[in-house]
Amino acid sequence: MSEHAAVAGAKPHVAHEAHHEELGFWRKYVFSVDHKVIGIQYAVTGLLFLFFGFSLMMLMRWQLAYPGAALPLVGRILGESRMPGGTMLPEFYNELGAMHGTIMVFLGVVPLAVGGFGNFVLPLQIGAPDMAFPRLNMLSYWSFFLGGVTMLASFFVPGGAAQSGWTSYTPLSVYASSGQTWWLIGMVFLITSSLLGAVNFITTTIQLRAKGLTFMRFPFFVWAQFVTAFLLLLAFPPLEAAAVLQLMDRVAGTSFFLPTGLVVSGQALTNAGGGNTLLWQHLFWFLAHPEVYVLILPAMGIVAEIVANNTRKPLWGYRSMVYSLVFLGFMSFIVWAHHMFMTGMGTAMAAFFQTTTMIISIPSVVILTALIISLWGGSIRFNTPMLFALGFLPMFGIGGLTGLPLGLNVADIPLHDTYYVIGHFHYVVAPGTIFALFAGVYFWFPKATGRRMNETLGVIHFIGSFICMNVIFMPMFFLGMAGVSRRLYDGGAAYDFAQPVLHLNVISSWGAWMLALFQLPFIFNFFWSIWKGARTEENPWQATTLEWAAPSPPPHGNFVQVPQAYRGPYEYSVPGAAKDFVPQYEA
Amino acid sequence: MDIPYTVELRRDTGLNNGKIGIWLFLASEVMLFGALFATYILLRTGAQTWPRGDTILNVPLATFNTIVLISSSVTMVMAWASLMRGRFGTFRMYMGATVLLGGVFLVVKYFEYSHKFHDGLFPSTNNFLAIYFTLTGLHMLHVMGGMAVNAYFWGPGAKLWKTDPAWFTNRVENSGLFWHFVDLVWIFLFPTLYLL
């Protein structure tokens with residue numbers, strides 16, 4: 001080994017002569033190996049999928065608010081096979097539900113949070129010229145893209161897209177129409193993509209950080225992406241295994257998830273049997289619980305950057321936040337069965353998973369508390385990124401705290417699979433993570449384009465979204481506590497017990513449609529600012545981390561001169577300093 | 001633009017990028033096969049009856065294949081060691097042998113599979129065969145992947161030796177790590193499926 005090290009170390013990599021010839025359009029913008037272009041590709045694709053997934057939900061909200069009523073105009077466009085006479089078929093409703101979840105999680109939020117922000121910001125923040133494996137990075141994006149195309153195409157196959165929920169529980173999914181096969185193949189592409197991304201992120205963070213940038217000088221965002229990458233690396237493969245097994249069940253006629261004596265639609269199955277239905281749930285949630293942290297950790301990272309920058313103070317308790325993050329990542333692998341309390345697991349197992357679930361809430365609370373205390377005594381600048389970051393804090397707080405009853409076996413029994421769960425999860429991810437992502441878009445937009453987004457439109461976007469998000473999701477807690485199941489095609493209209501709370505469905509739906517209206521300022525602002533926004537210099541927010549040392553937008557290779565880190569990431573308002581911020585890159 | 005530490009080692013980590021990358025990738029592979037082995041355990045412990053592997057599968061053939069794969073791991077190390085000594089000719093020979101041995105493994109596997117199909121034994125027959133075909137099939141895909149990479153380094157990829165021998169040696173080493181992993185998976189598969 002030492003001999004090998006000698007050989008490898010003896011001859012420094014032959015430096016290619018610096019070539020400055022312009023790359024063609026395809027190599028520069030489409031099949032680019034530049035982490036910033038790939039990051040923007042991820043971000044734009046992710047934003048488009050977020051809007052598409054949201055549109056599916058707006059259709060569902062019509063059926064939930066006005067069950068059986070014909071949807072004007074749009075109902076006609078979608079055709080007789082989906083919405084005959086404008087009324088939604090139950091099968092189509094199920095397609096929308098399954099694909100909303102799948103698209104939002106795997107094609108919207110994760111690509112935007114990890115693929116987009118991770119790719120664009122992380123190498124800049126650690127002072128790297130690019131990712132460690134640029135071509136792998138490109139492959140990761142195109143694998144994601146193929147996965148997305150597969151998912152979209154599945155809407156047009158006979159029987160439509162997957163209908164078994166985003167969790168694809170067996171044995172229902174094994175007997176679903178061919179859209180489910182497309183879903184599984186799409187997932188294999190997406191898993192491959194995030195695997196390649198995760199390898200790249202971890203290697204880049206360890207190897208390419210600038211001189212002087214020790215781990216405890218990392219911006220919190222880098223730590224968040226680093227831990228997230230480990231979750232993606234280790235939690236996704238079991239889902240890949242599960243997807244292969246379900247594909248075998250569907251295509252090769254195996255019985256991995258089909259128990260002996262299963263009866264479907266009144267007919268006994270002829271399969272060999274002997275399988276285990278719960279096996280799917282275990283493999284799925286072994287991924288999907290860490291996946292929840294994949295959704296939330298990058299959001300916490302973004303919010304931490306913006307809070308420190310706009311309070312002009314160091315983050316309070318940076319070290320305890322980092323330790324909490326690492327602990328959170330580790331614990332997220334041993335809580336998955338709290339999604340399965342209703343499957344008849346024994347009390348010993350339930351006790352174990354309740355305990356781990358209660359423990360994992362502690363580091364989340366530590367991070368949230370540290371962020372809130374960071375506000376104390378700061379001279380806060382209320383710009384658009386900061387507004388979204390401030391919105392994140394209470395929204396994530398509500399989402400997190402409402403999760404505690406679900407983590408307890410006994411309290412979970414009445415709440416399981418009701419709208420309460422939907423409310424809880426969406427508070428974490430929609431006004432939680434997505435607000436953080438919006439904050440990140442407004443915050444790093446000047447770095448990506450050299451121009452700022454409009455503040456007035458940003459404030460309108462924030463206030464409208466903040467109100468609408470709560471109008472959508474707050475009623476769900478009441479629906480859920482009244483016992484309305486999350487999977488009902490008519491939103492509970494067929495049940496007597498649900499009658500007193502049915503009007504909440506209407507409120508929630510109008511909230512969703514209003515939310516769409518309030519995204520228009522953002523969409524306009526986004527495109528308008530690319531060409532017409534106010535020009536900025538490289539550090540418009542007077543921030544301290546390394547990405548602000550690069551020109552805006554940074555060229556291929558990022559920095560004009562190789563940056564070096566001389567201090568911690570958040571040296572704001574240092575007593576005796578000339579300015580109220582001392583960048584990491586200034587000696 | 002050049003990425004730092006593609007070939008040379010970073011002083012504080014003592015590693016180059018490729019080495020970290022391949023180990024991380026192998027970690028994820030452990031999780032993939034780990035999930036499938038867990039599936040095997042769950043199915044077997046939950047089954048009323050479970051056949052002994054040797055009553056259905058061909059143990060002598062699999063033993064032969066085990067020897068073939070272990071030999072290919074040895075030739076893989078020899079290929080890398082040849083590069084370390086700067087002997088490109090012997091590298092070619094050993095790398096070629098590695099790819100060929102992978103091919104022998106696949107041919108034997110092909111005869112095993114077709115014999116099973118001929119006897120009417122399919123993945124759908126029972127869960128033992130289901131997990132057998134899934135595990136060995138996925139392993140076979142890994143063998144093919146490893147062979148493709150090794151064949152590339154034996155053929156067109158070897159051009160790198162002329163311009164940057166240290167980098168080429170590293171790449172062969174990383175490809176070797178993957179090949180050993182594929183070998184290791186088989187060493188677990190063989191007793192689990194054929195002998196227990």
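Residues numbered from 1 in each chain as written. Chains lettered and ligands numbered in written order. Predicted model: local features only at pLDDT ≥ 70, side-chain atom pairs only at ≥ 80, totals over all residues.

### Things to note about the packing of helix 8 (residues 220-252) of chain A against helix 1 (residues 17-46) of chain B
In contact at an axis separation of 8 Å, helix 8 of chain A and helix 1 of chain B are set at 45° when each is read in the N-to-C sense. Compared by their axis directions, helix 8 of chain A and helix 1 of chain B come out oblique. Helix-helix and strand crossings are classified by hand; for helix 8 of chain A and helix 1 of chain B the assignment is right-handed. Of the residues in helix 1 of chain B, those touching helix 8 of chain A at Leu233(A), Leu234(A), Pro237(A), Pro238(A), Glu240(A), Ala241(A) and Leu245(A) are Leu24(B), Ala27(B), Ser28(B), Met31(B), Leu32(B), Ala35(B), Leu36(B) and Thr39(B). When its residues are assigned to classes, the contact of helix 8 of chain A with helix 1 of chain B shows twelve nonpolar, two polar and one charged. (Axes fitted to C-alpha atoms, helices over the stretch in contact; angles between N-to-C directions. Helix = DSSP H or I, 4+ residues; strand = E, 2+ residues; numbered from the N terminus. Parallel < 35°, antiparallel > 145°, perpendicular 65-115°, else oblique. Left-handed = near helix turned anticlockwise from the far one by under 90°. Contact = placed C-beta atoms within 7 Å. Nonpolar A, V, L, I, M, F, W, Y, C, P; charged D, E, K, R; others polar.)

### A few points about the interface of chain A and chain B
Facing 46 residues of chain A, the contacting portion of chain B comprises 43 residues. Secondary-structure elements contributing two or more residues to the side of chain A that touches chain B are helix 1 (2-10), helix 7 (179-207), helix 8 and helix 9 (277-311) of chain A. It is helix 8 of chain A that provides the largest number of residues to the side of chain A that touches chain B, a total of ten residues. Classifying every residue of the side of chain A that touches chain B gives 28 nonpolar, 14 polar and four charged.

### Regarding unusual backbone geometry
Residues and elements named next belong to chain A. Look at the link from Thr170 to Pro171: it is a cis peptide, with omega at 0°. Assignment of secondary structure puts Pro171 in the loop between helix 6 (134-153) and helix 7. With an omega of -10°, the peptide bond running from Ser552 to Pro553 counts as cis. With respect to the helices and strands, Pro553 occurs in the segment after helix 18 (520-532). Positive phi outside glycine occurs at Leu73, with the angle close to 60°. Mapped onto the elements, Leu73 comes out in the loop between helix 3 (35-65) and helix 4 (74-78). Owing to 7 C-beta atoms within 10 Å, Leu73 belongs among the exposed residues under this scheme. Despite not being glycine, Ser573 has its phi angle at roughly 50°, a positive value. (Buried ≥ 20, exposed ≤ 12 C-beta atoms within 10 Å, placed from the backbone.)

### Topic: the nonpolar core
Val303(A) and Ala439(A) are the most contacted members of the largest nonpolar core, which totals 226 residues. The contact partners of Ala439(A), leaving out residues within four places of it in the chain, are Ile302(A), Val303(A), Ile306(A), Pro385(A), Phe388(A), Ala389(A) and Phe392(A). (Core = buried A, V, L, I, M, F, W, Y, C linked by C-beta atoms within 7 Å.)

### Focus: the environment of Ala70(A)
Residue and element names in this part refer to chain A. With respect to the helices and strands, Ala70 occurs in the loop between helix 3 and helix 4. Sequence separation between Ala70 and Met83 is 13 residues, and the spatial gap between their C-alpha atoms is 8.4 Å. Not counting residues up to four positions away in its chain, the partners in contact with Ala70 are Gly75, Gly85, Gly86 and Thr87.

### Describing the confidence of the model for chain A
Residue and element names in this part refer to chain A. Per-residue confidence for chain A gives a mean pLDDT of 93; residues scoring 70 or more make up 96%. Mean pLDDT across the elements of chain A ranges from a minimum in helix 1, with 40, to a maximum in helix 16 (residues 455-481), with 98. For residues 1-19, every residue scores under 50 in pLDDT, and the model assigns this stretch 27 contacts once sequence neighbours within four places are set aside. (pLDDT = per-residue confidence, 0-100.)

### A closer look at the environment of Pro431(A)
All names here are of chain A. Considering the arrangement of structural elements, one finds Pro431 in helix 15 (residues 419-449). For the pair formed by Pro431 and Tyr318, sequence separation is 113 residues and the distance between their alpha carbons is 24 Å. With near-sequence residues (within four places) excluded, Pro431 lies in contact with Gly391, Met395 and Met469.

### Digging into the packing of helix 9 of chain A against helix 12 (residues 384-401) of chain A
Residues and elements named next belong to chain A. Where helix 9 contacts helix 12, the two axes come as close as 9 Å, and the packing angle between them is 125°. By the angle class used here, helix 9 and helix 12 are oblique. By crossing handedness, the relation of helix 9 to helix 12 is classed as left-handed. Note on element contacts: helix 12 touches helix 9 through Pro385, Met386, Ala389 and Phe392, opposite Ala299, Val303, Ile306, Val307 and Asn310.

### A look at helix 5 (residues 90-125) of chain A
Residue pairs three or four apart in sequence face the same way in an α-helix, which turns once every 3.6 residues. Residues and elements named next belong to chain A. Of all the bends in helix 5, the greatest, near 50°, is centred on Pro111. Along helix 5, 32 of the 36 residues are buried, which leaves the element largely enclosed by surrounding structure. In the stretch just after helix 5, Gly127 is the one whose phi turns positive, near 75°. (Bend = angle between axes of the 7 residues up to and from the residue.)

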